[in-house]
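These are the residues of each chain, in order.
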Amino acid sequence: MSANEAILVGERQDKEERLTTARQTVNNNPVLEFRDGQFLFRKTNLEGGIVERFISAAAVREAFSGVPIDTGWFNLDITCPGITRWGTGRLGEWAIAYIPPADWLLEITNEGTNEPYRLDRITTPLPGIIFFGIGTNYYAFATKTATLKPYHTIFRCPLPNVMQDGSVCWGLLKPPGASLTSIFDAWKLFITSTFNNHMANGKSKRVRDDVRIVLRDMSHAARPRHYPVHDLVRQEEDTAINLDQAVREFFETGKMPG
């Protein structure tokens, strides 16, 4: 290729690039319009020409699939179970629900007693529970407040079958993928499951070895109306990490503190 031919090829490539590249300024950016169930994409190229074409819903969905969405904290004064944060991202859809303090019917095993195969069904109070789901992974934490305070210290969920980092151990159960609605199905599956001696330790200051003893004590006729939040153990015992920090740490590192 001669020098003149190379110059012509370069000029042609530059021209094509200017015709296909969108002009992006403060007042001039590509636009996506909804037109009777179709999507019209319009841009102004670097030559000043307007380019329009219809694109498919699949193409739009693919373009936006990698764009993270995060609502931030909202609905913080709820007194019934509700969503307090939601989003999507590279790890999929996720949601955080708050379950206010209430009495719950729990099914608890009796390992370590003279009746190890007996199941107890007890009604006992629980503190406010934060339930975080992403994909089919769920995390549970406790709070001392009656409504959600994302900048207050979080505590270990005072139930067995919750790992040290707050992750729920489902055993043979298969929770649904987290979404705005299915997270409550996952919570119901969790709270109605059988709680055994797995990870029953480290959840109570008074009874370090087995939080089930505390739960049974509170199920008696003279039980307190509310869970004794002074007995809760910090999620990180040596720090006062709060929920907002824990969520940010999870999305930065892929791990929950604990």
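In this report, we go over the structure that sits alongside the text.

What counts, and where the lines are drawn
- Residues numbered from 1 in each chain as written.
- Predicted model: local features only at pLDDT ≥ 70, side-chain atom pairs only at ≥ 80, totals over all residues.
- Heavy atoms only, no water.
- Salt bridge = Lys/Arg side-chain N within 4 Å of Asp/Glu carboxyl O.
- Helix = DSSP H or I, 4+ residues; strand = E, 2+ residues; numbered from the N terminus.
- Buried < 20%, exposed > 50% of the residue type's maximum accessible area, 1.4 Å probe, protein only.

### Some details on the pattern of salt bridges
Summed over all chains, the structure comprises 10 salt bridges. When the shortest N-O distance is used, the salt bridge between D70 and R85 registers 2.7 Å. Residue D70 is located in strand 4 (residues 69-70), and its partner R85 is located in strand 5 (residues 82-88); the two are separated by 15 residues in the primary sequence. Assessed through its relative accessible area of 42%, D70 is described here as partly exposed. Note that R248 is salt-bridged to D244, the shortest N-O span being 3.0 Å. Of this pair, R248 and D244 are both found in helix 5 (residues 243-253), 4 residues apart, which corresponds to roughly one turn of the helix. Look at R248 and you get partly exposed, because its relative accessible area is 42%. One network of salt bridges, in which partners are shared, links D70, R85, D244 and R248.

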